[in-house]
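Chains, contacts and geometry: an overview
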Amino acid sequence: MVRSLPYLFDGELYIAIFPVVMANKLVVSTAIIATLLLTVSLALLMVPGGPANGWLTNISIIKVDDWSYSGQSTIMESVKAIATGGGMMRQFGSVGASFGSLSASAKDIGFSVGGAKDINNFRENIKQGFLPIATDVTYEGLFYDYNFDNSGSGNTVCTDMFCPVYSQVVSKDPLTNATDRFLSVGLDSGIQNFDRKPLDLMIVLDISGSMGSPFDRYYYDQFGQPGQKPGDNKEPTQEEKEELQKSKIKVASESIVALLDHLRDDDKVGMVLFSTDAVLAKPMNLVKGTNMDDIKRHVMELQATDSTNMEAGYKLATAQFDDELDDKDGSAASDRERRIIFLTDAQPNTGDFSKEGLVGITKDNAEKGIHTTFVGMGVDFNTALIETMTKIRGANYYSVHDSKEFKTRMDEQFDFMVFPLVYNLKMTLKSSDYSIDEVYGSPEADQATGELMSVNTLFPSPKSAEGVKGGIILLKLKKIGAGSDISLSVDYETRDGQKHSSTKTFVFEDKQPEYFGTNSDRKAVLLTRYASLIKDWLDHETRNEAGWGEYQNHSQWERQSSPLHVADEYRQRFKTFAEYFNKEKQDIGDDSLKKEVDVLTKLSS
């Protein structure tokens, strides 16, 4: 006969199954022996290199479906359902097959800055015939779409955590004919075989009414006078039509499933849902003790309803980390990453939805070592609210318009998305001949002075033969003296609190346009001028009341659409710039720049 024995170990429920062949009078003694065997077995299981086969394979582990949200029912009713069984526990095989590798695949890395990780919302609005807003376009978000090669600069081999690579640029602006001088800062690293630490993750999902709208429409157009969408000249494919017809919550759910696929056994995950209020749908527990297939199924069944209270969702998610923080000072240790991934269209209309209130919560969390990733959903995703919040230490954001594309990004970038390595980067320029005029590629660019540039966070970024994804910052220099000497000091700290510094002195040579230290510098200058022209145009449209719509009967963050419009003066500028862009694209030799050519062509036609 067979005996099964439940066993609680390290907060997880295990079931040991033992074959028992003996007389009835010995059964009680056998149970006692089985208990002792199980204790020894589990202890050996925790030892690296311990037995993983033989008699130990008879131990099976229960993975728990700890989902506690059922739509109309209360949380307590959901918890009661779990406590009483209801098929919520599933056996998943033997020990030898159940414990996956705890290490991510080895990766060489460079760095990219925090903040925006794409400008997808800008491109999608243009494609759908809507006028974007200026915050849809950021320099760092645009840079992250491209690779920058720092290896050909002639610098020594990098062996430190962070190795800035400097290069000089002198180039004429094609629209103003002014000569610009740039210093590019390549964000290189000597780290090889990058492997993130374990992750404590709370996923927060917006299930408010606006999340029920299609991806290619503005939810609040239905409540007022909508902008007249001229449409795209290009007929979408059947696959594109099917993707666009999905609701935002459908794509958000598919994106969460893509995220869950990248969690490891030693990670913890929980989930909060919010609309008018917030509920804890799944407590934060170890992945290895959770039936992830059931969790995915629950996520895909979610529906949109009611108002949008981002504050409630954020606060409830934050509270789940209380047991994970250091008791001494209420902050997180560096051995695990604590992160909230917040999926929303960022259109709050209840609770404290002021920018200051939401930024304050994000800042408080960052000081405790709880960092935030925002994932924006739909063409009406409000980057104006999120862009400010992602200037905070450890924060970043992505926008999603295609669940398949987002899954591909997660396959390549999940570990980089959730695990920052460098904080409080400060670059000080000391020169009697040059000062910092502008900074491009950092969300903290508005904090730059004539001498100082700051970046709150550097995230690891994938390095390939083409370079480092998003791995560059541009400093536009202002000539203030007759000489050419520059000294740059860099100070930063790692996630374990260690401080590092380095200084480099060099001569900014008196070169004539067009001079680029590397092709990557040329690409960065091209993209910077492109983004600057786009932002100038969007500011102009907004000032002339042709800008994005705001539904006046709702909150300041709820958006109506405005039709795509280009003033005559900017249409001509786009045409002139497109010629310059095309020539530079050919000289640089990066075919991926074509997507910007397509935007310029549409805006100039």
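The structure contained in this document is the topic of the report that follows. (Residues numbered from 1 in each chain as written. Predicted model: local features only at pLDDT ≥ 70, side-chain atom pairs only at ≥ 80, totals over all residues. Heavy atoms only, no water.)

As a further point, take the sheet that holds strand E11 (residues 268–274). A sheet is described by the order of its strands in space; here seven strands give the open sequence E6-E15-E14-E13-E10-E11-E12, paired in mixed fashion. Looking at which strands have only one partner, the edges of the open sheet turn out to be strand E6 (115–116) and strand E12 (278–286). Of the strand pairs in this sheet, strand E10 (residues 199–206) and strand E13 (residues 337–344) are connected by seven bridges, and their pairing is parallel. Looking across to E13, one finds that Ile-203 is bridged to Ile-341. (Pairing = 2+ DSSP bridges. Helix = DSSP H or I, 4+ residues; strand = E, 2+ residues; numbered from the N terminus.)

Right, let's get into the packing of aromatic side chains. In total, this model carries 16 aromatic pairs according to the counting rule given. Between Tyr-166 and Phe-506 the ring centres are 6.0 Å apart and the planes differ by 25°, which places this aromatic pair in the stacked class. Of the two residues, Tyr-166 sits in strand E8 (residues 163–172) while Phe-506 sits in strand E22 (residues 499–507), which places them 340 residues apart along the sequence. Judged on exposure class, the residue Tyr-166 and its partner Phe-506 are both buried. Their ring planes at 45° and their centres at 5.1 Å tell us that Tyr-434 and Phe-508 sit as a pair that is tilted. With Tyr-434 in strand E17 (residues 434–440) and Phe-508 in the loop between E22 and strand E23 (515–516), the pair connects residues that are 74 residues apart, well separated along the chain. (Phe/Tyr/Trp six-rings, centres within 6.5 Å; stacked < 30°, edge-to-face > 60°. Buried < 20%, exposed > 50% of the residue type's maximum accessible area, 1.4 Å probe, protein only.)

Interaxial distance between helix H13 (residues 519–543) and helix H14 (residues 568–588) falls to 11 Å at its minimum, and their mutual angle equals 165°. In terms of orientation, H13 and H14 fall into the roughly antiparallel class. Pair H13 / H14 crosses with left-handed handedness. Two secondary-structure elements touch here, H13 through Asn-519, Arg-522, Lys-523, Leu-526, Leu-527, Arg-529, Tyr-530, Leu-533, Ile-534, Asp-536, Trp-537 and His-540 and H14 through Glu-569, Tyr-570, Arg-573, Phe-574, Phe-577, Tyr-580, Phe-581, Glu-584, Lys-585, Asp-587 and Ile-588. Taken together, the residues of the contact of H13 with H14 break down into 12 nonpolar, two polar and nine charged. (Axes fitted to C-alpha atoms, helices over the stretch in contact; angles between N-to-C directions. Parallel < 35°, antiparallel > 145°, perpendicular 65-115°, else oblique. Left-handed = near helix turned anticlockwise from the far one by under 90°. Contact = heavy atoms within 4.5 Å. Nonpolar A, V, L, I, M, F, W, Y, C, P; charged D, E, K, R; others polar.)

Two elements in contact, helix H7 (residues 248–260) and helix H8 (residues 292–300), have axes separated by 9 Å at closest approach and are oriented at 165°. In terms of axis orientation, H7 runs roughly antiparallel to H8. Handedness of the H7/H8 crossing: right-handed. Between H7 and H8, the contacting residues are Lys-250, Ser-253, Glu-254, Ile-256, Val-257 and Leu-260 on the first element and Met-292, Ile-295, Lys-296, Val-299 and Met-300 on the second. The residue makeup of the contact of H7 with H8, split by class, is seven nonpolar, one polar and three charged.

Let us now look at the nonpolar core. Ranked by size, the top nonpolar core spans 67 residues in total, and within it Leu-205 and Leu-475 carry the most contacts. When sequence neighbours within four positions are dropped, the list of residues in contact with Leu-475 reads Arg-181, Phe-182, Leu-183, Val-185, Met-427, Ile-436, Glu-438, Val-439 and Met-453. In terms of nonpolar packing, the next biggest core, distinct from the first, is built from 40 residues, Leu-142, Phe-143, Val-566 and Leu-603 among them. (Core = buried A, V, L, I, M, F, W, Y, C linked by side-chain atoms within 4.5 Å.)

What follows covers the side chain of Lys-523. In this structure, Lys-523 sits in helix H13. Separated by 2.7 Å, the side chain of Lys-523 and the backbone oxygen of Asn-147 make a polar contact. In terms of polar contacts, Lys-523 uses its side chain to reach the side chain of Asp-590, at 2.9 Å. Beyond its immediate sequence surroundings of up to four residues, Lys-523 is in contact with Tyr-146, Asn-147, Phe-148, Ile-588, Asp-590 and Leu-593. (Polar contact = N/O pair within 3.5 Å; in protein donor to acceptor, adjacent residues only side chain to side chain.)

On to empty space enclosed by the protein, then. Enumeration according to the criterion identifies three cavities of 30 Å³ or more in this entry. Estimated volume of the largest cavity: approximately 60 Å³. Listing elements by their share of the lining of the largest cavity, those giving two or more residues are E8, strand E9 (179–188) and H13. Among the elements that line the lining of the largest cavity, the one with the most residues is E9, at three residues. Tallied by class, the residues present in the lining of the largest cavity amount to three nonpolar, seven polar and two charged. (1 Å grid on protein atoms, 1.4 Å probe; cavity = no way out; pocket = protein on both sides within 12 Å on 5 of 7 lines; lining within 4 Å. Points joined across faces, edges and corners; volume = space filled by probe spheres on them.)

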